[in-house]
Amino acid sequence: MIEDVRDKPSVSEADVLALNFIRRPAPYVFRRHYRVGLRSHIMEVLRPEDVAREREGVTVDGVTWFPRAKPLRMLRIFRTRFGGLSYAEAEVRRVKAIETYLDPDHLARSEEFLVDYVTGGRNEILLCGLQEFVEGEILEPWSALDRECLLALFRQMDCSTIDHSGEGAEEWLLKVRRRAETFIGQIKKMIVEIRHVPDLAGLGNLLVTPTGTIKLVDINNVSPVRFRPDIELDDRGYPVCDKSIEALSLLEEKLLGAFDWRGDAIYRSFLVPERMKEVEGLVKEFRPGPLSAPADHEPS
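We now turn to the structure provided with this report. The residue count restarts for each chain, going from 1 along the sequence in the order it is written. Confidence filtering applies because this is a predicted model: local features only for residues at pLDDT of at least 70, side-chain atom pairs given and counted only at 80 or more, and all residues used for totals across whole chains, interfaces and linings. In computing side-chain properties, one takes all heavy atoms of the structure into account and sets aside hydrogens as well as water.

Here's the deal with the sheet that holds strand β5 (residues 73–78)
At least two DSSP bridges between two strands are required for those strands to pair. Secondary structure elements follow DSSP: runs of H or I of four or more residues count as helices, runs of E of two or more count as strands, with numbering from the N terminus. Pairing is antiparallel in the open sheet, where five strands are placed in the order β1-β2-β5-β7-β6. The open sheet has two edge strands with one neighbour each: β1 (29–32) and β6 (110–119). Ignoring strand direction, the axes of neighbouring strands in this sheet form an average angle of 30°. In the sheet, strand β2 (residues 40–46) pairs with β5 via six bridges, with the strands oriented antiparallel. Residue pairing in the sheet places valine 45 in a bridge with arginine 73 of β5. Packing against the sheet, helix α3 (residues 85–101) makes contact with β6 and β7 (122–131), and its axis sits at approximately 160° to β6. Lines fitted to the C-alpha atoms define the axes, with helices restricted to the stretch that makes contact. Angles between their N-to-C directions range from 0 to 180 degrees. Residues count as neighbours in contact if any of their non-hydrogen atoms are within 4.5 Å of one another.

Describing the sheet that holds strand β8 (residues 137–138)
Judged by pairing direction, the sheet is antiparallel, and its three strands sit side by side in the order β8-β10-β11 without closing on themselves. Single-partner strands in this sheet number two, and they are β8 and β11 (214–216). Here β8 pairs with strand β10 (residues 206–208) via two bridges, running antiparallel. Its bridge partner lying in β10, glutamate 137 is registered against valine 208.

Honestly, it's all geometry; don't read function into it.
Shown next, in the form of structure tokens:
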């Protein structure tokens, strides 16, 4: 029996090509991305000719170099099992809600689609997405994010469109801080208006680009925000809501300057020291479990 793709710890191109909804012969090359998603498999979608140049090299003026193939898109295969079509549609609505609040500069846009997946002799609903590829460096809210930290990220980027001189770097720093204000404001508006927040805490979920823009690239986990004493856990048992709001507060404090959590209605509910201590205890105890059980109630 062919193993269910959702159960695999990782997938290869052969696994993708074996899926019943993938056209064969495939016009593209599928390559496993270096990031391993807890909630989805992530594959690069590449042009065959770009992969060939990467492997064989290109010679210019007697010098051979091997340009890395850049993905056209990122294919995400969600691991979640759905109890029915309504559950899958509710998941898509949660993902799409982010697009209502984050403009394209701050979100890796994705086109979600539901497919009829044949596995173990059964037909099941599988959620997939084709997401734009974003170049940039990981922006970790818990890192220093001071001038030297940001400049280090700037220097790591391989982008010919920006000037890596001192003046170019300073201009880039100003753009990061200015655009961070927009990003933070849009996330806060989402929290206030629809009581949901995307996962800002996961490693690699946020990138800073060569243009100085913060982009959310992992849109798989959108958590309800409930302003009450109970600490909400996601379907894997992680306090993602609290950690995402903490991450948002760290971005605001480190990138925008002066910060008073008591003066903000969102932070005032979640950044209480006693609550944060309890959240950290839950994080230490967290062990990722399988996404195998459907929701225990019909989604709204």
